[in-house]
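Listed below, chain by chain, are the residues.
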Amino acid sequence: MLLRLYILFEMKLSKNFTLEEFIRSSTAERMGIDNVPKDEAVIENMKTLCLEVLQPLRDYLGAPIHINSGYRCKALNEALGGVKGSQHLSGQAADIHVENTEHLLKMMHFIMDETDFDQLIWEKNKAGVQWLHVSHKRNGNNRHQVLNIKK
């Protein structure tokens, strides 16, 4: 079991992204939730999201992209108040840290113009913290849906 976890944590999803950063969650750690995916299809979804959207974005920016929330098991999604059908559950989505609105808009425009994304959501909470939610469907039925959500 420990060897499997070590292999999973060291797994590269693309040139600059690892599985470990997609499953890392301070909430999961604090609550004792096992957020390691059990389904190989979930890992394949994360790889595709990285290869089709996140790695091209990272290459364009020439700087690291920090994932706030990637894969979420059902228990973690519920603990975070995520929607039941969240694409995070299947490894198809990631929430990206943004430095400021200018940085966020630069990312959004690149994703919209250069990638085959499913959803792109500019999210902002009551405290003014912003992040960018991006998703990609491996089956190719991507909606190119752009939303702005304030919580």
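Residues numbered from 1 in each chain as written. Predicted model: local features only at pLDDT ≥ 70, side-chain atom pairs only at ≥ 80, totals over all residues. Heavy atoms only, no water.

Draft legend 1. Region of interest: the overall build of the protein. Counting its secondary structure elements, the protein contains 6 helices and 5 strands. Along the protein, helices and strands appear, N-terminal first, in the series α-α-α-α-β-α-β-α-β-β-β. Relative to its length of 151 residues, the protein is compact, with a C-alpha radius of gyration of 15 Å against a globular reference of 15 Å. The principal-axis extents of the C-alpha atoms in the protein amount to approximately 45 × 35 × 30 Å. Evaluated residue by residue, the protein yields a buried proportion of 46% over its 151 residues. By sequence separation, contacts in the protein at least 24 residues apart represent 66% of the contacts at least 6 residues apart. Summed over its atoms, the accessible surface of the protein is roughly 8300 Å², and 52% of this surface lies on carbon and sulfur atoms. Each charge class in the protein can be summarised by its mean position, and for the 19 positive and 19 negative side chains these summaries are 5 Å apart. (Helix = DSSP H or I, 4+ residues; strand = E, 2+ residues; numbered from the N terminus. Rg over C-alpha atoms; globule rule 2.2 N^0.38 Å. Buried < 20%, exposed > 50% of the residue type's maximum accessible area, 1.4 Å probe, protein only. Contact = heavy atoms within 4.5 Å. Areas by Shrake-Rupley, 256 points an atom, 1.4 Å probe, with all protein chains shown as cover. Lys, Arg positive; Asp, Glu negative; His and termini not counted. Charge placed at Lys NZ, Arg CZ, Asp CG, Glu CD.)

Draft legend 2. Up close: helix α6 (residues 101-114). End to end, α6 covers 20 Å across 14 residues, agreeing with the expected 20 Å (1.5 Å per residue, within 8%). Restricting attention to buried positions, one finds in α6 the residues His 103, Leu 104, Met 107, Met 108, Phe 110 and Ile 111. Taken down its axis, α6 places every buried residue within 165 degrees of arc, on the same side. The outward face of α6, more than 90 degrees from its buried face, is lined by the exposed residues Glu 102 and Asp 113. In this structure Asn 100 caps α6, since a side-chain oxygen of it lies 3.2 Å from the backbone nitrogen of Glu 102. (Expected span 1.5 Å × (residues − 1). Arc of directions from axis to C-beta. Polar contact = N/O pair within 3.5 Å; in protein donor to acceptor, adjacent residues only side chain to side chain.)

Draft legend 3. Quick look at unusual backbone geometry. At His 144, a residue that is not glycine, the phi angle is positive and equals roughly 55 degrees. Relative to the helices and strands, His 144 resides in the loop between β4 (130-135) and β5 (145-150). You can call His 144 partly exposed: its relative accessible area is 39%.

Draft legend 4. Up close: helix α4 (residues 40-61). Between its terminal C-alpha atoms α4 stretches 30 Å, which fits the 32 Å expected from 22 residues at 1.5 Å a residue. If you look at α4, its biggest bend is around 45 degrees, right at Cys 50. Two to three positions downstream of the cap, the backbone nitrogen of Ala 41 sits 2.9 Å from a side-chain oxygen, assigning the N-cap of α4 to Asp 39. Just past α4, the residue Gly 62 takes up positive phi, approximately 70 degrees. (Bend = angle between axes of the 7 residues up to and from the residue.)

Draft legend 5. Geometry of the environment of Glu 29. Structurally, the position occupied by Glu 29 is in helix α3 (residues 26-31). Here the alpha-carbon distance between Glu 29 and Leu 76, two residues 47 residues apart in the chain, equals 9.9 Å.

Draft legend 6. Examining the pattern of salt bridges more closely. On inspection of all chains with the given rule, the structure shows 6 salt bridges. In this structure, Asp 95 and Arg 72 form a salt bridge, with 3.3 Å as the shortest nitrogen-oxygen distance. Residue Asp 95 is located in strand β2 (residues 93-97), and its partner Arg 72 is located in the loop between β1 (67-69) and α5 (74-79); the two are separated by 23 residues in the primary sequence. Judged by its relative accessible area of 6%, Asp 95 falls in the buried class. Under the relative-accessibility criterion, Arg 72 is labelled buried at 10%. Ionic pairing is found between Asp 118 and Lys 137, a salt bridge with its closest N-O pair at 4.0 Å. With a gap of 19 residues between them, Asp 118 in the loop between α6 and β3 (119-124) and Lys 137 in the loop between β4 and β5 connect regions that are remote in the sequence. A relative accessible area of 0% means that Asp 118 is categorised as buried. (Salt bridge = Lys/Arg side-chain N within 4 Å of Asp/Glu carboxyl O.)

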